[in-house]
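Descriptive structure summary
Residue strings, one per chain:
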Protein chains: 4
Amino acid sequence: MKIKVGVIGYGYWGPNIVRNFHTQPEMIVKAIADIDQGALKRAGQQYPDIKNFKDPKAVIESPDVDVVAVVTPVSTHYDLAKKALEAGKHIFVEKPFTATTAQADELIELAEKKKLQIMVDHTFLFTGAVRKMKELIAKKELGEILYFDSTRINLGLFQHDVNVIWDLAPHDFSIMDYVIDKKLKGVSAHGMAHVQKKIENVAYITLYAEEKEKFIAHFNINWLSPVKVRTMLIGGDKKMLIWDDLVADEKIKVYDRGVDIDSKEGVHKLLVAYRSGDAYIPKIEHTEALNLEMRHFFECLTGNKKPINDGLAGRRVVKLLECSEKSIRNQGKYIEI
Amino acid sequence: MKIKVGVIGYGYWGPNIVRNFHTQPEMIVKAIADIDQGALKRAGQQYPDIKNFKDPKAVIESPDVDVVAVVTPVSTHYDLAKKALEAGKHIFVEKPFTATTAQADELIELAEKKKLQIMVDHTFLFTGAVRKMKELIAKKELGEILYFDSTRINLGLFQHDVNVIWDLAPHDFSIMDYVIDKKLKGVSAHGMAHVQKKIENVAYITLYAEEKEKFIAHFNINWLSPVKVRTMLIGGDKKMLIWDDLVADEKIKVYDRGVDIDSKEGVHKLLVAYRSGDAYIPKIEHTEALNLEMRHFFECLTGNKKPINDGLAGRRVVKLLECSEKSIRNQGKYIEI
Amino acid sequence: MKIKVGVIGYGYWGPNIVRNFHTQPEMIVKAIADIDQGALKRAGQQYPDIKNFKDPKAVIESPDVDVVAVVTPVSTHYDLAKKALEAGKHIFVEKPFTATTAQADELIELAEKKKLQIMVDHTFLFTGAVRKMKELIAKKELGEILYFDSTRINLGLFQHDVNVIWDLAPHDFSIMDYVIDKKLKGVSAHGMAHVQKKIENVAYITLYAEEKEKFIAHFNINWLSPVKVRTMLIGGDKKMLIWDDLVADEKIKVYDRGVDIDSKEGVHKLLVAYRSGDAYIPKIEHTEALNLEMRHFFECLTGNKKPINDGLAGRRVVKLLECSEKSIRNQGKYIEI
Amino acid sequence: MKIKVGVIGYGYWGPNIVRNFHTQPEMIVKAIADIDQGALKRAGQQYPDIKNFKDPKAVIESPDVDVVAVVTPVSTHYDLAKKALEAGKHIFVEKPFTATTAQADELIELAEKKKLQIMVDHTFLFTGAVRKMKELIAKKELGEILYFDSTRINLGLFQHDVNVIWDLAPHDFSIMDYVIDKKLKGVSAHGMAHVQKKIENVAYITLYAEEKEKFIAHFNINWLSPVKVRTMLIGGDKKMLIWDDLVADEKIKVYDRGVDIDSKEGVHKLLVAYRSGDAYIPKIEHTEALNLEMRHFFECLTGNKKPINDGLAGRRVVKLLECSEKSIRNQGKYIEI
């Protein structure tokens, strides 16, 4: 018996979701909903066998659906996801999970009560590069992590409903949340809305961890950059790495450059020595992230285990987005998480 | 009659200062001072004709010196520069100008009173790349400037007396101060001292301008990066540019990518259209910046005009450093300039 | 009435050909043939409405087919294409056109006699980059072309039937043939078969033009390179350009660097001056090359004009391949074209 | 007692030779000769203690000179070097060693007879990158070497006396000669003189080894390239490396990409499998090559051992240049070495 999926939203990203669910050996898409007639028509032509509806309710309430995928604008996530859970369906929700932490809490509680699963579409976690970073950090190859520095800038489309933080930062927040294990305690965000009021198009976000963690994270996101940049620097006290997502090969480089602190010599002598040795370029698996994500969902649904990108992971990202927005509207005021 | 220069400090940077002053056709170095015997010996071997002294006073008070160049750690700038001005000498001071704004004010006032010149060694202003950026922005080729985004990171030597802000940001602050004409009003800085207490080795600084300016600047500086990066992005509403100081050629690229705001259509329609046209790589002059800087100093001394990097320019940079440090010690608190 | 296409060969490249013909508004794929049962099954699943056959004859002889696309190994091109022409069908043939020049001649003559069209799948001619190069050279922006220097290397799959020349050089030969207008007269090729006898995996090919052309072309192709490189340098006496096909943006850069020859001064004076001015990055259209190629084919079929990649273009490429192979087997002996 | 050096030629490269000999602890430059008065004047100002002469004979015959460094155009090497050897001096000769192999033979024989040393200035052999390549290849880390592919192109100054082969190829020939241990047997060279008759400005050179070596080398050199490229690819059957001399760090990358040949399966099955694993970036020592070369010369002179860049090494490079030129004048005719 295949797991039956209903997908709400067949705009830019929806077709990828449908295709990847549909090509899983043990899953099948049974219904698609979209309020746009053109989108429905495209779905019908591509998948004559899948029923399509204008009203999302038809998908949510269909007895022929086990999982509802919500691939709509963030403002509608809570409402659709809640109804799906109430109808006894597992949910797969586009990132960011919800528009507020309160909404996320409610959905998580509801799923808990109903023994249903939530997966938030943090696709990047399933790329070869992020999996490799997770592996390197988990086995302490970088040592203690000192900083996480991310840049995601390009000439982007302006969104009317959300600013650059809600558009781009979910990627980077979800990656950091996955690979780094630090207790965060505060956010400060700066930025500017050059074009549309309250729709910031450039933002700089700093995350503080608890003091003993000695960790800082920074995110540079920009819709108005003439060039496209997608890099992360992760500095550890043993090694450091850089991820450049835009090169075809050699996406990750690991540098044997750490800091040796030698305090025996007293304050007036140079306390820090650098190791600067060989670097290496680990082999990254070429897998389609979305496909891997759905396989993971299938395994969680059938094995009754939690996805790495479950509701709680989604909520942590929403919390960071929420705090960042609060800070950016207050000239970078420090906001406790 | 050549202008006679005395140089205090013959450590890492001093030899460059001596060589460049000495090779100006109308200038000549007459005296060098350094408290380190080894440095003095090197100076003596290289320049048998230039007198050298252990005591800076010997240089400052020498009747055979018109200009005193102070190429020592920042903590000593004020004292040496003040004595030189009191002795009636023009001064050339290594960046950052002084350790506090108050010191800068005092030196500027003293020079004013004594009709003496101050040049602060903001060498980068004399590179072909910065001169080209200044030219492009001054003639409005980029349109209104929306943001300035600078990254200067590498595996750097730790300094014991100053943090990464005082070490690296003077370069970027002085460049921004020179090429961008915006009224700044506040600073917020984040960072962390991973290795030595209060010696931050990573910092993220945001500058706010007056609201009507619609301008934001950001600086990413880091002594603990495995890779070296030196880039600036300057976004205008007409064009944007990127400067990469680490490539041999093609350091600056100008993109015909701006934002056209079309508000006629009402708020619900897409207001922004991107132009995405040709880019070009302007030719950059290959000149030695330091040599050009000294020629400029000579012209100012003889033509009685102010250097572009005069005491006031030096003071503006010190003010930004001071505010940044205050903010970084207060978890990014907004500090008014 | 739509133009009806039959496609022979549904292996690696065939599906792209089917998809692009099928999505042309005025064309439709009616039949697919492949000797491999698995390929036919995939075709059937993807296109339930298109008939599929094991025997290519069924496609060639179908009254429901106007154009036969031959997307099979080169050794079979001649035979299939000939039968298709004899059956009164226009042909679209994968590159390289044929295995010998004699075969190409025969097909061209046959098509001529039957008033049928031949298009050879030189896809690269329809990329934005090649079209831009053609445009720049045609309007003499580079001046007289002095050299053409191409590198196409990577870690490639070994083919059992053809060497690296027949595999990779058709791309580069067809591009050069299209953008450069020089009378070629000889070929010299060097290389080595490290792995399989007579299957050269690295080759260096030089093309000579008639002496008065003062033109030389060179091709570096390699299946055993650890890194992937795809660049062309085209040097003119006015300007020069470089094409890097592996970067996402900024594929072509045009340099205002030419040679000014000033012979007035006599042999003992420096005769050459370099201009070294601005460079620029022209905007390249992002279009799917294959789609554009098929549109061009449609226009030729209906407008009764010759494709830029007609049988003669295909034959010129085959001639160069043939001569190159002859030369490489004779230690680089000069072979007249 | 320091070894006393006399330097003939103080043009572009001479000052580097003087400086590096002069700063060796156990060597000292005693005399400089140049026919150009301006060069002599610069030498005198920089080194008041070193005698300078218009006539090279004064250096060659000076009893105060043990080693004569010949840093003049290649056409004069033989004559000056021969006189120096006859006068009982060791010689250090700029590359290329001589204008013909016959001249090289004569000098080698003369030095042998007189028990004098010859060093040819193949500076590149002493760079960290070439030393690292030598080390990796010597310890068989790359396995059997299959090919050597070098590109050295830029917008270069035209020389009036020599073509691009004699100007640029000595670098690459000397590097290949040092790191690769293959018996070469033939040369084929193609090129063109676009600007000055017989002064080729672009050349493509292929070297053949004895057949059992299964090795091929190729050199792309060009004075008329709009961009500067300095790369070498070395392919082995175990690993491959790329050297990019223009990047500041990470000059060499080693790829675990070789070819496994599995012939058990018969000719119709795929015979080749690629390993495509991690790559690494070995640490390269930052040393001044010229300084290291002179230290090596000192050690050879005092330890009575042959330099790695002795007369024979110089002769092998000249032989390749000679054969290349012969071939290029005959449209790439294969010339036996």
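Given the structure is predicted, the values throughout are model-derived calculations rather than measurements.

**Let's talk about the sheet that holds strand 1 (residues 3–8) of chain C**
Residue and element names in this part refer to chain C.
- Pairing is parallel across the open sheet formed by six strands, whose spatial order is 3-2-1-4-5-6. Looking at the sheet topology across the chains shown, the edges are occupied by strand 3 (51–53) and strand 6 (118–121). Along the sheet, successive strands turn relative to each other by an average axial angle of 25 degrees, direction set aside.
- Relative to strand 2 (residues 27–33), strand 1 runs parallel, the two sharing six bridges. If you follow Ile8 over to strand 2, its bridge partner there is Ala33.

**Here we look at the relation of the copies chain C and chain D**
- Least-squares fitting of chain C to chain D yields an RMSD of 0.0 Å, with the transformation described by 0.0 Å of translation along the axis and a rotation of 180 degrees. Given the turn and translation reported, the copies of this chain are related as if by a two-fold rotation axis. Among all residues of chain C, the one whose C-alpha sits closest to the rotation axis is Lys333(C), at a distance of 3.3 Å.
- In this assembly the copies share their binding face: 98% of the residues contributing to the interface of chain C also contribute to that of chain D.

**Considering the interface of chain C and chain D**
- In this complex, chain C contributes 51 residues to the contact, which on the side of chain D involves 50 residues.
- Buried area between chain C and chain D, both sides added, is near 4,500 Å², and the carbon and sulfur share of it is 67%.
- Taken together, the links from chain C to chain D amount to zero salt bridges.
- Across the contact surface, chain C and chain D share 18 residue pairs in polar contact (both at pLDDT 80 or more).
- Contributions of two or more residues to the side of chain C that touches chain D are made by strand 7 (145–155), strand 8 (184–192), strand 9 (202–209), strand 10 (216–222), strand 11 (224–236), strand 12 (240–244), strand 14 (259–261) and strand 15 (272–274) of chain C.
- No other element matches the six residues that strand 8 of chain C contributes to the side of chain C that touches chain D.
- Taken together, the residues that form the side of chain C that touches chain D break down as 31 nonpolar, 14 polar and six charged.

**Examining the pairing of strand 13 (residues 252–255) of chain D**
Residues and elements named next belong to chain D.
- Burial along strand 13 is two-sided: Ile252 and Val254 and Lys253 and Tyr255, pointing in opposite directions, are all buried.
- Inspection of the sheet shows strand 13 paired to strand 16 (residues 279–281) by two bridges, in the antiparallel sense. For Val254, the partnering residue across the bridge sits in strand 16 and is Tyr280.

**What about the sheet that holds strand 6 (residues 118–121) of chain A?**
All names here are of chain A.
- If you walk across this open sheet you meet the six strands as 3-2-1-4-5-6, and the pairing is parallel. Only two strands of the sheet have a single partner each, and these edge strands are strand 3 (51–53) and strand 6. For this sheet, the mean inter-axis angle between neighbouring strands, taken without regard to orientation, is 25 degrees.
- Note: strand 2 (residues 27–33) against strand 3, three bridges, orientation parallel. Looking at strand 3, one finds that Ala33 is bridged to Phe53.
- Its contacts with the sheet put helix 4 (residues 77–86) on strand 1 (3–8), strand 4 (67–70) and strand 5 (90–94), and the angle it makes with strand 5 is roughly 165 degrees.

**Structural notes on the packing of aromatic side chains**
- If you walk through the whole model with that rule in mind, you get 28 aromatic pairs over all chains.
- Judged by centre distance (4.9 Å) and plane angle (85 degrees), the rings of Phe173(A) and Phe219(A) are edge-to-face. With Phe173(A) in helix 7 (residues 164–179) and Phe219(A) in strand 10 (residues 216–222), this pair connects stretches of sequence that are 46 residues apart. For the pair formed by Phe173(A) and Phe219(A), the shared burial category is buried.
- Pairwise contacts between aromatic rings join Phe21(A), Phe92(A) and Phe297(A) into one cluster.
- Lying across the ring of Tyr178(B), Lys134(B) places its NZ or CZ 4.7 Å from the centre.

**Some remarks on helix 5 (residues 101–114) of chain B**
Residue and element names in this part refer to chain B.
- The terminal C-alpha atoms of helix 5 lie 20 Å apart, and with 14 residues this matches the ideal 20 Å at 1.5 Å per residue to within 8%.
- For helix 5, the complete set of buried residues consists of Thr101, Gln103, Ala104, Leu107, Ile108, Leu110 and Ala111.
- Residues of helix 5 that are buried make contact with helix 4 (77–86), strand 6 (118–121) and helix 9 (311–328).
- Following helix 5 by one or two positions, Lys115 adopts a phi angle in the positive range, close to 55 degrees.

**Quick word on the pattern of salt bridges**
- Counting across every chain of the model gives 80 salt bridges over all chains.
- One salt bridge connects Lys139(A) with Glu141(A), and the closest N-O pair in it is separated by 3.9 Å.
- For Glu288(D), the salt bridge goes to Arg19(D), with nearest N and O atoms at 3.7 Å. Here the residue Glu288(D) occupies a position in the loop between strand 16 and helix 8 (289–303), and Arg19(D) occupies one in helix 1 (residues 14–22), the gap between them amounting to 269 residues.

**A short note on the side chain of Lys182(D)**
Residues and elements named next belong to chain D.
- As for its placement among the helices and strands, Lys182 is situated in the loop between helix 7 (164–179) and strand 8 (184–192).
- A relative accessible area of 14% places Lys182 in the buried class.
- Residues within four places of Lys182 in sequence aside, it is in contact with Glu144, Ile145, Ala209, Glu213 and Phe215.

**Let's talk about the pairing of strand 6 (residues 118–121) of chain D**
- Neither face of strand 6 of chain D is open: one carries Ile118(D) and Val120(D), the other Met119(D) and Asp121(D), and all of them are buried.
- Crossover connection from strand 5 (residues 90–94) of chain D via helix 5 (residues 101–114) of chain D to parallel strand 6 of chain D: handedness right-handed.

**Some words on helix 1 (residues 14–22) of chain C**
- When helix 1 of chain C is considered as a whole, its buried residues turn out to be Gly14(C), Ile17(C), Val18(C), Asn20(C) and Phe21(C).
- The secondary structure elements touched by the buried residues of helix 1 of chain C are strand 1, strand 2, strand 4 (67–70), strand 5 (90–94), strand 6 and helix 8 (289–303) of chain C.

**Regarding the interface of chain C and chain B**
- Taken together, the 11 residues of chain C in the interface contact 11 residues of chain B.
- Counting each side, the surface lost to burial between chain C and chain B is near 980 Å², with a carbon and sulfur contribution of 43%.
- The interface formed by chain C and chain B holds two salt bridges in total.
- Residues Glu250(B) and Lys253(C) are paired through a salt bridge, measuring 2.9 Å at the closest nitrogen-oxygen approach.

**What to know about the domain arrangement of chain A**
Residues and elements named next belong to chain A.
- If you check the domain split of chain A, you get domain 1 (3–116) and domain 2 (125–288 + 319–336).
- On a C-alpha basis, the centres of domain 1 and domain 2 stand 31 Å from each other.
- Taken together, the 10 residues of domain 1 in the interface contact 10 residues of domain 2.
- Here domain 1 and domain 2 share an interface that buries about 680 Å² over both sides, 52% of which is from carbon and sulfur atoms.
- Of all residues in domain 1, Lys95, Pro96 and Thr101 give up the largest surface area on contact with domain 2, accounting jointly for 57% of the area buried on that side.
- Applying the counting rule to domain 1 against domain 2 returns one salt bridge.
- A class-by-class count of the residues in the side of domain 1 that touches domain 2 yields four nonpolar, four polar and two charged.

**Brief notes about empty space enclosed by the protein**
- With the rule as written, the count across this model stands at five cavities of 30 Å³ or more.
- Here the largest cavity defines a volume of roughly 70 Å³.
- Among the elements that make up the lining of the largest cavity, the one with the highest residue count is helix 5 (residues 101–114) of chain A (three residues).
- By volume, the second largest cavity is sized at about 50 Å³.
- Phe124(D), Ser150(D), Thr151(D), Arg152(D), Asp172(D), Arg230(D), Thr231(D), Met232(D), Trp243(D) and Asp245(D) together form the lining of the second largest cavity.
- For the lining of the second largest cavity, the elements supplying multiple residues, two or more each, are strand 7 (145–155) and strand 11 (224–236) of chain D.
- The residue makeup of the lining of the second largest cavity, split by class, is three nonpolar, three polar and four charged.

Rules behind the numbers
Residues numbered from 1 in each chain as written. Chains lettered and ligands numbered in written order. Predicted model: local features only at pLDDT ≥ 70, side-chain atom pairs only at ≥ 80, totals over all residues. Heavy atoms only, no water. Pairing = 2+ DSSP bridges. Helix = DSSP H or I, 4+ residues; strand = E, 2+ residues; numbered from the N terminus. Axes fitted to C-alpha atoms, helices over the stretch in contact; angles between N-to-C directions. Least-squares fit on C-alpha atoms with pLDDT ≥ 70 in both. Contact = heavy atoms within 4.5 Å. Buried area = accessible area lost by both parts, 1.4 Å probe. Salt bridge = Lys/Arg side-chain N within 4 Å of Asp/Glu carboxyl O. Polar contact = N/O pair within 3.5 Å; in protein donor to acceptor, adjacent residues only side chain to side chain. Nonpolar A, V, L, I, M, F, W, Y, C, P; charged D, E, K, R; others polar. Buried < 20%, exposed > 50% of the residue type's maximum accessible area, 1.4 Å probe, protein only. Phe/Tyr/Trp six-rings, centres within 6.5 Å; stacked < 30°, edge-to-face > 60°. Lys NZ or Arg CZ within 6 Å of the ring centre and 35° of its normal. Expected span 1.5 Å × (residues − 1). Right-handed = clockwise from strand over helix to strand, strands pointing away. Domains from an automatic or database assignment. 1 Å grid on protein atoms, 1.4 Å probe; cavity = no way out; pocket = protein on both sides within 12 Å on 5 of 7 lines; lining within 4 Å. Points joined across faces, edges and corners; volume = space filled by probe spheres on them.

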